[in-house]
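Structural overview
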2 protein chains.
Amino acid sequence: MTKGRVTVIDIAKAAGVSKSTVSLVLQGSSLVNEGTRSKVNAAMRELGYVYNRGAANLRQASAKSKIIGVVVNDLTNSFFAELAVGVDMVVQSAGFVQFLSNTSESIDRQREVIASMREHGISGLIVSPARATESVDFKPLVAAGIPVVVVVRSLPGAKVSSIVSDNQGGTSAAVEHLASLGHTRISFLGGFPDTAVFEERLAGYVDGLKAAGLGFHEELVVSSAPSRAGGVDAIGRAMAMSDRPTAAVCFNDAVAFGVCDGLRARRMEPGRDFAVVGFDDVIEAQTAVPALTTVSVDPQGMGRRAAQLLLKQINAGKAEPESVATAVRLVVRESCGAAEKKAGRKTA
Amino acid sequence: MTKGRVTVIDIAKAAGVSKSTVSLVLQGSSLVNEGTRSKVNAAMRELGYVYNRGAANLRQASAKSKIIGVVVNDLTNSFFAELAVGVDMVVQSAGFVQFLSNTSESIDRQREVIASMREHGISGLIVSPARATESVDFKPLVAAGIPVVVVVRSLPGAKVSSIVSDNQGGTSAAVEHLASLGHTRISFLGGFPDTAVFEERLAGYVDGLKAAGLGFHEELVVSSAPSRAGGVDAIGRAMAMSDRPTAAVCFNDAVAFGVCDGLRARRMEPGRDFAVVGFDDVIEAQTAVPALTTVSVDPQGMGRRAAQLLLKQINAGKAEPESVATAVRLVVRESCGAAEKKAGRKTA
DNA sequence: CTAAATAATTGGAACGTTCCAAATTTGTCA
DNA sequence: TGACAAATTTGGAACGTTCCAATTATTTAG
């Protein structure tokens, strides 16, 4: 109707009260009389009032902005899309909205979006850091009292909370499973050795060997890029050995798919002639042929958990850094050679 | 250092100028002297100044909030994740940030998140509407002069811009391709008939038949839920006919996968005994066995285009509703029976 | 019926920015 | 040098909310 937007003052005038009272109603204060409250609410509906959070944030602490930032390194990867959905679920039902940005592993981009989010006054931040992120990148945030939760990839010296999957437990379980199938020469394939995630998964591999009573042989660890191409490369080097492995735990599912490709190129069928286990349980893992045995990490649950932790810290006012490793589950399918034929295919 | 946050006034004091000048610098105005500009910038760096967009928005039109809202109905679906990435790309490089929310096809959720976004003063909105969204749901937005771009699913009577894929052209091309392979009884399987997308794809199917000189037979159109289970159901009904089809264009890839499942349950091999074409080109389409021939819609490009259109409208001040259909491309793989053996598999 | 306690309401001063009109400085030209 | 124009700079008044202290209305207790 009129030019400008509808403000509390318009509502106050229409309801015959003061703007302060309207503000009280807005905040659900128990100080206002039931009668006035409904009068005010009616006026708001009548005039089509829209709350202006920007103005409110000017007076309040950033903890009440009701915005949380979410930064992921690769939204194209369904793992991170699921994670974002998990975050969105809990964040939305707490009345927050999420700023979601994608860095594509670019650290500059990451810096930019985090700066931008700060300008908008986020109450907290959930971030899956781009490769090579330094803990110092989050210094200003924590100095400003904004809670930060790092997910997926842990950040060494940073004084922020983190939620990562139980990498060590995952590969350990994978190795033990392979050992129980009778394998004794089990390889660890793929991944860059200079990352925290690699170290953890490798440590689990070593644990698993020990638990199964097998010895650790350094030559069975073959690193490569954590990609499909890297997997092809790694299995190539593994098969060139004199005493070949008969099974492999891979750094992640992408590597595992590459390993399968490489095996076929050598006329070997994954699952039958060589056992392959991945890590992540990406969406394609269950529909691939053969279906991939892998360690499932439930990204959506991880997102939910991260959001819960962040909200807790936002509400608490100050953030005690807290680290949690989420449980992980070995999903046995066909590529390890242990699966029962083709069960599970639902044909009508 | 000090308690409160650093404001323009602190910067002004430190640089020995007025707050107005600092504001001018912030906006990159050409009115300020080069010397003062750098003095001010130095002070900002020195004191760790963080721009407060909330305060700025209080004075400016919402077009300058630099926030755009993105609402999708299913982020778990990689189609929409890609779309969001496309939006993020152009939006980010224009200095905007995106509020991303997921509705899970819930219309209430959609209403909530849009309301929340309005409170935050978004400059524009990109939305892939949840099923059963009414055009009236966007009335308040457009009344407030906030540009809205609807993507993927068009909204009949709404006075907003929309970007949808060329559904009609896509199915038409699919039918012509099947006809060129010698098929004469081509079925259209899956999808709910009461949606705009269904109508368009069906219209393309009819076009394609006409172009190929084939007649339209109503019984060859079998609708069902647009899901894998729906596909199983649809092919079941199609195969129960006396004069069976030998090929099918499916409503989308999910239906197509279901159709493949259903065929196998009848001891028929998709691609060899029956030609199947999908729509969307979801990520699994190329890795499935057999690889799915489908109509590719490039969700990321669609996201980019939507963002560009939205930004144009935001900058123009007022939004002329504009409708564009993005081009679509038939990707021939194995499931239609036309593919050259197993080319394209890159085995090292 | 009054004093004190309690409940409900309210005006103004913030919050950190932008914008306007006006003031000041600098430059140009005869 | 003086006058005028151009280039820079600058106080305040918004913007729409919340919060505080203060006020007014209503109960309760004695």
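On a predicted model such as this, the values are computed, not experimentally measured, just so you know. (Residues numbered from 1 in each chain as written. Chains lettered and ligands numbered in written order. Predicted model: local features only at pLDDT ≥ 70, side-chain atom pairs only at ≥ 80, totals over all residues. Heavy atoms only, no water.)

Within chain A one finds 12 helices and 12 strands. Computed over C-alpha atoms, the radius of gyration of chain A comes to 26 Å, more than 25% over the 20 Å expected from 2.2 N^0.38 for 348 residues, which places it beyond the range of a compact globule. With the C-alpha coordinates of chain A rotated into their principal frame, the extents come out at 90 × 55 × 35 Å. Relative to its 348 residues, chain A shows a buried fraction of 50%. Once local pairs closer than 6 in sequence are excluded, the contacts in chain A between residues at least 24 apart make up 69%. In the form shown here, chain A has an accessible surface area of approximately 15,600 Å², with 51% of it arising from carbon and sulfur atoms. One finds the centroid of the 38 positive side-chain charges in chain A at a distance of 9 Å from the centroid of its 34 negative side-chain charges. (Helix = DSSP H or I, 4+ residues; strand = E, 2+ residues; numbered from the N terminus. Rg over C-alpha atoms; globule rule 2.2 N^0.38 Å. Buried < 20%, exposed > 50% of the residue type's maximum accessible area, 1.4 Å probe, protein only. Contact = heavy atoms within 4.5 Å. Areas by Shrake-Rupley, 256 points an atom, 1.4 Å probe, with all protein chains shown as cover. Lys, Arg positive; Asp, Glu negative; His and termini not counted. Charge placed at Lys NZ, Arg CZ, Asp CG, Glu CD.)

Our next topic: the relation of the copies chain B and chain A. When chain B is fitted onto chain A, the two copies agree to an RMSD of 0.1 Å after a turn of 180° and an axial shift of 0.0 Å. One copy is carried onto the other by what is essentially a two-fold rotation axis. When you check the interface residues of chain B against chain A, 100% turn up at the interface there too, and the contact is symmetric in its surfaces. (Least-squares fit on C-alpha atoms with pLDDT ≥ 70 in both.)

Here the focus is the protein's contact with DNA strand D. Around DNA strand D, a shell composed of 27 residues is seen, among which Val8, Ser23 and Tyr49 of chain A together with Ser20 and Thr21 of chain B lie nearest. Sugar plus phosphate, as a fraction of atoms of DNA strand D within 4 Å of the protein: 63%. Threonine 21 of chain B places a side-chain nitrogen or oxygen 2.8 Å from a phosphate oxygen of DNA strand D. Taking asparagine 33 of chain B, its main chain carries an N or O atom lying 3.0 Å from a phosphate oxygen of DNA strand D. Only α2 (19-26) and α4 (53-59) of chain A together with α2 (19-26) and α4 (53-59) of chain B provide two or more residues apiece to the surface near DNA strand D. By residue class, the composition of the surface near DNA strand D is 11 nonpolar, 11 polar and five charged. (Near = heavy atom within 4 Å. Polar contact = N/O pair within 3.5 Å; in protein donor to acceptor, adjacent residues only side chain to side chain. Nonpolar A, V, L, I, M, F, W, Y, C, P; charged D, E, K, R; others polar.)

Let us look at the nonpolar core. Formed by 140 residues in total, the largest nonpolar core has its most connected members in Ile68, Ile126 and Val276 of chain A together with Ile68, Ile126 and Val276 of chain B. Core analysis: the next-biggest nonpolar cluster, separate from the first, contains 36 residues, Val71 and Val113 of chain A together with Phe99 and Met117 of chain B among them. (Core = buried A, V, L, I, M, F, W, Y, C linked by side-chain atoms within 4.5 Å.)

A word on the protein's contact with DNA strand C. Of all residues adjacent to DNA strand C, which total 27 residues, the nearest are Ser18 and Thr21 of chain A together with Val8, Ser23 and Tyr49 of chain B. Sugar plus phosphate, as a fraction of atoms of DNA strand C within 4 Å of the protein: 65%. Between lysine 19 of chain A and DNA strand C, the recorded distance is 2.9 Å, taken from a side-chain N or O atom to a base nitrogen. Counting residues per element, the ones that place at least two in the surface near DNA strand C are α2 and α4 of chain A together with α2 and α4 of chain B.

On to the environment of isoleucine 163 of chain A, then. Residue and element names in this part refer to chain A. In this fold, isoleucine 163 is placed in strand β5 (residues 161-165). Residue classification places isoleucine 163 among the buried residues on the basis of a relative accessible area of 0%. Remark: the alpha-carbon pair of isoleucine 163 and glutamate 322, spanning 159 residues in sequence, is separated by 8.4 Å. If near-sequence neighbours (up to four positions away) are discounted, isoleucine 163 is found in contact with Val149, Val150, Val151, Val152, Met302, Arg305, Ala306, Leu309, Val324 and Thr326.

Its place among the elements puts arginine 53 of chain A in helix α4. What arginine 53 of chain A contacts, discounting residues up to four positions off in sequence, is Ser65 and Lys66 of chain A together with Glu119 and His120 of chain B.

By the assigned domains, chain A splits into domain 1 (8-51), domain 2 (62-165 + 299-327) and domain 3 (167-297). Summarising the inter-unit geometry, the C-alpha centres of domain 1 of chain A and domain 2 of chain A are found 35 Å apart. (Domains from an automatic or database assignment.)

Our next topic: the interface of chain B and chain A. Residue-level contacts link 42 residues of chain B with 42 residues of chain A. Roughly 3,900 Å² is buried in total at the junction of chain B and chain A, and carbon and sulfur atoms are behind 57% of that figure. Broken down residue by residue, the surface that chain B buries against chain A is led by Gln92, Glu119 and His120 of chain B, which jointly contribute 15%. Our count for the contact surface shared by chain B and chain A stands at two salt bridges. (Buried area = accessible area lost by both parts, 1.4 Å probe. Salt bridge = Lys/Arg side-chain N within 4 Å of Asp/Glu carboxyl O.)

So, on to the pairing of strand β1 (residues 67-72) of chain B. The side chains of a regular strand alternate, first on one face of the sheet and then on the other. Residues and elements named next belong to chain B. The buried fraction of β1 is high, at six of six residues. The alternating pattern of β1 places Ile67, Gly69 and Val71 and Ile68, Val70 and Val72 on opposite faces, both of which are buried. Bridging between β1 and strand β2 (residues 97-102) involves six bridges; their strand directions are parallel. If you follow isoleucine 68 over to β2, its bridge partner there is glutamine 98. Handedness of the β-α-β unit built from β1, helix α5 (residues 78-93) and β2 comes out right-handed. (Pairing = 2+ DSSP bridges. Right-handed = clockwise from strand over helix to strand, strands pointing away.)

Residue and element names in this part refer to chain A. Viewed as axis vectors pointing N to C, helix α5 (residues 78-93) and helix α12 (residues 299-316) meet at an angle of 40°, and their least axial separation amounts to 7 Å. On the basis of the axis angle, α5 is oblique to α12. Seen along the crossing, α5 lies across α12 with a hand that is right-handed. From α5, Phe79, Glu82, Leu83, Val85, Gly86, Val87, Met89, Val90 and Val91 reach across to α12, where they touch Pro299, Gln300, Met302, Gly303, Arg304, Ala307, Gln308 and Leu311. Classifying every residue of the contact of α5 with α12 gives 11 nonpolar, four polar and two charged. (Axes fitted to C-alpha atoms, helices over the stretch in contact; angles between N-to-C directions. Parallel < 35°, antiparallel > 145°, perpendicular 65-115°, else oblique. Left-handed = near helix turned anticlockwise from the far one by under 90°.)

Attention now moves to the sheet that holds strand β6 (residues 186-189) of chain B. In sheet architecture, strand pairing relies on hydrogen bonds along the backbone and comes in two forms, parallel and antiparallel. All names here are of chain B. The strand order across the open sheet built from six strands is β7-β6-β8-β9-β10-β12, with neighbouring strands paired in mixed fashion. Where the open sheet ends on each side, the last strands, each with one partner, are β7 (221-222) and β12 (329-331). Bridge count between strand β8 (residues 247-250) and strand β9 (residues 275-280): three bridges; the pairing is parallel. Each bridged residue has a counterpart across the sheet, and for alanine 247 the counterpart in β9 is alanine 275. In the packing of helix α9 (residues 196-211) onto the sheet, the strands contacted are β6, β7 and β9, and the crossing angle to β6 comes to about 175°.

On to the pairing of strand β1 (residues 67-72) of chain A, then. By the bridge criterion, four bridges tie β1 of chain A to strand β3 (residues 124-127) of chain A in an arrangement that is parallel. From the neighbouring strand, isoleucine 68 of chain A faces β3 of chain A, where its bridge partner is glycine 124 of chain A.

On to the packing of aromatic side chains, then. All names here are of chain B. Here the structure, examined in full by the defined rule, presents 11 aromatic pairs over all chains. Relative to phenylalanine 198, the ring of phenylalanine 188 lies with its centre 5.6 Å away and its plane at 80°, an arrangement referred to as edge-to-face. One end of the pair, phenylalanine 188, is in strand β6; the other, phenylalanine 198, is in helix α9, with 10 residues separating them in the sequence. Between tyrosine 205 and phenylalanine 216, the aromatic rings sit 6.3 Å apart at their centres with planes inclined by 75°, giving edge-to-face as the arrangement. Of this pair, tyrosine 205 sits in helix α9 while phenylalanine 216 sits in the loop between α9 and β7, and the two are 11 residues apart along the sequence. A relative accessible area of 0% means that tyrosine 205 is categorised as buried. Given the relative accessible area of 41%, phenylalanine 216 is considered partly exposed. (Phe/Tyr/Trp six-rings, centres within 6.5 Å; stacked < 30°, edge-to-face > 60°.)

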